[in-house]
Amino acid sequence: MWPGTAFRILCPHRDWRKERMAGYNPSSIEKKWQRIWQENRIFSAEMQPAKPKYYVLDMFPYPSGEGLHVGHPEGYTATDIVTRYKRAAGFNVMHPMGWDAFGLPAEQYAIKTDTHPAVITRKNIERFRAQLQAIGFSYDWHREVNTTDPQYYRWTQWIFLQLYDTWYDPRQQKGRPIAQLAAEFATGRRALPPSAGNKSWSQLDAHQQRRVLEEYRLAYEIEAPVNWCQALGTVLANEEVIDGKSEVGGFPVERRPMRQWMLRITAYAQRLLDGLEALDWSESLKMMQRNWIGRSGGALVRFAIADSASEVTVFTTRPDTLFGASYLVLAPEHPLVDLNTEMNIISAAWPTEIPERWRSGAGSPREAAAAYQKNAASRSERQRQEDNTKTGTFTGAYAVNPVNNQRIPIFISDYVLMGYGTGAIMAVPAHDQRDFDFANAMELPIRRVVSAAADQADAGKLPLESPGFAVNSAQLDGLSTAEAKNRICEHLEQESLGTRQIHYKIRDWLFSRQRYWGEPFPLIHLQEGTTVPLAESELPLTLPEVKDFKPTGTMEPPLFKATAWHQVHVVLDGPPENLQARVVSAGTPGAVPARRELNTMPQWAGSCWYYLRYMDPANTRQFCDPEKEKYWMAGGVDLYVGGVEHAVLHLLYSRFWHKVLFDRGLVSSDEPFRKLVNQGLILGEAEYTVFALESGQRVSVTDIDPEFSTRVGENGKAEIISRHKSTGALAVGQACDPAMVEKRGDVFVLKADNNIQVDARSFKMSKSRGNVVNPDDVIAEYGADSLRLFEMFMGPLEQVKPWSTAGVEGVYRFLQRVWRNLLGGDDGVFRVVQPHGDGKWTCQGRELSAAEVEIALRDAAAILRPMHRLIRKVTADIERLAFNTAISAMMEFNNALAKLTFVPLDAALNLLRVLEPFAPHIADELYHELSGPDAAVSIALLPWPGFDESLCVDEELDIPVQINGKLAGRIRIAVTSDEQQVFNIALADPQVVNRLAQRAIKKKIYIKGRMINLVV
RNA sequence: GCCCGGGUGGCGGAAUGGCAGACGCUCAGGACUUAAAAUCCUGUGACCGUUUUCGGUCGUGCGGGUUCGACUCCCGCCCCGGGCACCA
């Protein structure tokens, strides 16, 4: 095929790459510098109150068994560049790293291989750390944290106890100690909840008081339907369930009731929403959080049930359409239609004169409801959502529309969800697509109450969901939607028929898991049925060393099997609202038997606060020294970089915890992460895929179904498969050599047959596709500096971009050229020269001849301005995280150096100085080669170079002259020229004169130093 | 359906109202070499004319607008990526 390939195969022992790179050999220098940095603690940062701080944070990884992939170093390199730059620029920079090591994958692997998850975790962490260190990141490893270390999770448990001890006061809009709530109840300043009956605080016994307080704690226990995953043997948070399947593993998930710990994140919904405003985050990320919190403004409206004492409350965002509400719909799980309770409203018999369709073929409403509910329960959430056709059944009952006293039928339908609002809606078919569809299916009347035009009663096609003007709505007629909403809400509130209501979509956070590998809850269950927190002195509550950590197969968590661990005796002390348990031996006076909580915390717990522990990782008395917190967290983390997959989970949870800690006076800032950037996904190398039928006949990609799937082919490699559009025949895609492909118009086709269009795209890296790039391999072949450089050179940090091995070669060649420019290449000619003030220049100690000095002076003058421009460009680009253009600038500068005969020492050192954050090993090596014995231990210790703005512009410049906006010529002007002089030069230019062709100039435009435009 | 982001050479990308395509890859030609690799130099958006110097036209998804001047700003549309989605 290619001669080179053949030759390489014939001579397997000759490493051509090593031979050709003569001087630059990354593998021989990178380990050395990593060791020197480490030994000299170049990158450790201690608090220095007088010095400005800068806190750079990476989302710490989950140390999986797979090791790093090239996606990890992308964000880490970006933060490392900022870290090294900011440190050089005079900031006290903290840049820590740690491990988010609890969680399902390690445990699943542990079960499969019968190895303890702690062993697996330790091994994975060792591997990850070694991989990260091989890339030369400037982490302060003395601050390393590990969420599975008892000395770490002791404080996770401690923070959980703070949440348990906190209630949210809506009046002050902040979290407060639970004792203050008890005090307010005791003094009567705050009314007791309905669950207290009509008793006063002092009339309740201690047990009852505790029950009341539990309704307010931010951590609470509840029997609730949860997402149970049989395959994983655990429940999952809503966020961990995607399309009815577990996010980890893709196993089916079903709803089951279970006793669970919850965190009351809903109390902070408004604070979490408002806090977004001031954050320097991307708009799309803020939007994702806003959507997740899902605030909507509307009203609760009460509908009386006809011929009954009951009523039903609905939530609506369109109270202005109340006159058009022609029926109500309840979710199948709504308590008012629960046939097992007395209070259900379903009639025993069908009313007369109802459409046949409403009966759904059943003998009675109860029969119909029972059948419908059974069917709804058997369908998964996913099935219910996929099927948009409207079904339902009539309850036989009627409600009364409070504004016009109209009797309206009440239906049950699964298009209303019990989990949102009140689980009941007023249906306005004229102005809601779903209600419209249902009304059509059930032959219900549709009454317009909004018109798109103020002067027309029936403008706009139904269903009209957009705002307009009220019609057929009595006193609201003519009002705009916004005004009508206000007016009707006033009316409802006056008449006690309803209230304005802000509703949030966000649910409370399901905080327990039935797994072994997580933080144990610091909680004790007493035999009488109440729960008591452990005293702080009992922490950390460590996981029992068990042999059998597998799921029990039932809904009991694995810790159930650690009998000796969970069967304990405790003594209690403290006031009722602050009762605490200490574990004692069975014979201790006052000891009562009790059981530990068997659930563990979810993986998100440890990552909710790790950024705080970094500031004081070894503190045994506090989760973090307040002085250190105040210093490092002033204004929040200065730069936080991580994947967008954490947009709503980790980032919302940790903001929530942070706000609670802030309310309790434990941290000084209200928001943890001031500036946040998501790095874009790195895809596999671009591929061309050509499809062929089983007969071998090639088919154009336009002729097959665009929904591809993959399978493992006979050769064990992943193949893309699809179906032929017209015949349905199997079409198999195979990678084809780029040389076989050419571009025709907007598409790629085979050179051999232009009728066959091929698929051109990059795929997400995956094992099955076999396109995963391992950073270790890249380092082995090109070195860590090239890996770092290419990760940044590919394109903007936040963008999705495909990997390219040829691109790595490109940056590798750049580093080789830098090496050769500064130390000489194959020719061995050393070109760096140094002036000595007395007109003498030396090159490696040798004094230059007069003729050479002349050349050196000319070279120094030629490179001076580009050097200042380089420093300015790299500085500005790092500040705006535009690393790809900073690297381009360095390449340009290096190309300019290559054209010189002699390289002035300061130009060389300044290049190395700005290169250091990007490619620190080669920078340090070359710096030491050029600097001699007086050199600093590391180039990283040198200050960031400054630049002179006046030396960033050339004395003369070429500017274009346009005529009517079209290029007509270019002229050379002095940078000092004024407008008149510039026009004189332009109008004297023969090319311009020629193009003007004696036309009269109507207008002359000069943009200083940029261009001229002559309008004729 | 709704909400964000994006669309520029063969490819990754640069330019945020002022010379479109910096820088890198790819490819082609040349130098060095017995030869190849590496390295260095030159060229590389499309089309047209001269076919050498050089000159011209078009060109940033499509259509319109604002402006002396638009990849950039405004209006409408198409396509791609991401998020949300029976959320009342």
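Conventions and cut-offs
- Residues numbered from 1 in each chain as written.
- Chains lettered and ligands numbered in written order.
- Predicted model: local features only at pLDDT ≥ 70, side-chain atom pairs only at ≥ 80, totals over all residues.
- Heavy atoms only, no water.
- Helix = DSSP H or I, 4+ residues; strand = E, 2+ residues; numbered from the N terminus.
- Buried < 20%, exposed > 50% of the residue type's maximum accessible area, 1.4 Å probe, protein only.
- Phe/Tyr/Trp six-rings, centres within 6.5 Å; stacked < 30°, edge-to-face > 60°.
- Lys NZ or Arg CZ within 6 Å of the ring centre and 35° of its normal.
- Contact = heavy atoms within 4.5 Å.
- Pairing = 2+ DSSP bridges.
- Salt bridge = Lys/Arg side-chain N within 4 Å of Asp/Glu carboxyl O.
- Right-handed = clockwise from strand over helix to strand, strands pointing away.

Next up on the list: unusual backbone geometry. A cis amide bond links leucine 462 to the next residue, proline 463, at an omega of -10°. Topologically, proline 463 is positioned in the loop between strand E18 (450–451) and strand E19 (469–470). With an omega of -5°, the peptide bond between leucine 539 and proline 540 qualifies as cis. Relative to the helices and strands, proline 540 is located in the loop between strand E23 (531–533) and helix H16 (563–566). One non-glycine residue with positive phi stands out, namely glutamine 173, at about 50°. Mapped onto the secondary structure, glutamine 173 falls in the loop between strand E5 (166–169) and strand E6 (174–177). You can call glutamine 173 partly exposed: its relative accessible area is 47%. With a phi close to 50°, glutamine 844 is a non-glycine residue in the positive phi region. Tracing the backbone through its elements, the reader meets glutamine 844 in the loop between strand E40 (841–843) and strand E41 (846–847).

Time to look at the packing of aromatic side chains. In the structure shown here, the tally under the stated rule is 54 aromatic pairs. Ring centres of tryptophan 99 and phenylalanine 128 lie 6.2 Å apart, and the angle between their planes is 85°; on these two criteria the pair is classed as edge-to-face. Placement of the pair is tryptophan 99 in strand E3 (residues 98–99) and phenylalanine 128 in helix H6 (residues 117–134), with a sequence separation of 29 residues. Exposure remark for tryptophan 99: the relative accessible area of 0% places this residue in the buried category. Aromatic side chains phenylalanine 790 and tryptophan 803 sit 5.0 Å apart centroid to centroid with 90° between the ring planes, which places their arrangement in the edge-to-face category. Remark: tryptophan 803 occurs in the loop between strand E38 (801–802) and helix H23 (805–823) and phenylalanine 790 occurs in helix H22 (residues 784–793); sequence separation between them is 13 residues. Taking relative accessible area as the criterion, tryptophan 803 reaches 2% and is therefore assigned buried. The structure contains a cluster of three or more aromatic residues connected by ring pairs, namely Phe160, Tyr164, Trp261, Trp509, Phe511, Phe521, Trp604, Tyr653 and Trp657. One cation-aromatic arrangement involves arginine 407 over tyrosine 398; the distance from NZ or CZ to the ring centre is 4.5 Å.

With that settled, consider the environment of glutamate 493. With respect to the helices and strands, glutamate 493 occurs in helix H15 (residues 481–494). For glutamate 493 and tryptophan 604, which are 111 residues apart along the polypeptide, the C-alpha to C-alpha distance reads 42 Å. Sequence-distant contacts of glutamate 493, defined by excluding residues within four places in its chain, comprise Gly498, Thr499 and Arg500.

Attention now moves to the sheet that holds E40. Spatially, E41-E40-E39-E42 is the arrangement adopted by the four strands of the open sheet, whose pairing is mixed. On the outer flanks of this sheet lie E41 and strand E42 (903–904), each paired with one strand and no other. Pairing between strand E39 (residues 832–835) and E40: two bridges, direction antiparallel. The residue of E40 that forms the bridge with glutamine 834 is threonine 842.

Throughout the structure, instances matching the rule amount to 49 salt bridges. With its nearest N and O atoms 2.7 Å apart, the salt bridge here joins glutamate 144 to arginine 129. Taken together, the residues span a long stretch of sequence, with glutamate 144 in the loop between H6 and strand E4 (145–146) and arginine 129 in helix H6 at a distance of 15 residues. Arginine 129 gets classed as buried once you look at its relative accessible area, which sits at 18%. A salt bridge links aspartate 877 to lysine 873, with the shortest nitrogen-to-oxygen separation between them at 3.3 Å. One end of the pair is aspartate 877 and the other is lysine 873, both in helix H24 (residues 850–879) and four residues apart, which spans about a single turn. Residue aspartate 877 is classed as buried on the basis of its relative accessible area, which comes to 2%. Lysine 873 gets classed as partly exposed once you look at its relative accessible area, which sits at 34%. Counted as one network, the salt bridges with shared partners bring together Arg271, Arg655, Lys659, Asp663, Asp670 and Glu671.

Further remarks concern the pairing of strand E1 (residues 53–58). With six of six residues buried, E1 lies mostly within the body of the structure. The two faces of E1 match: Lys53, Tyr55 and Leu57 on one face and Tyr54, Val56 and Asp58 on the other face are all buried. By the bridge criterion, three bridges tie E1 to strand E2 (residues 92–94) in an arrangement that is parallel. Paired with tyrosine 54 across the strands is valine 93, a residue of E2. Running through helix H4 (residues 72–88), the crossover from E1 to the neighbouring parallel element E2 is right-handed. Pairing between E1 and strand E27 (residues 639–642): three bridges, direction parallel. Note on E27: the bridge partner recorded for leucine 57 is tyrosine 640.

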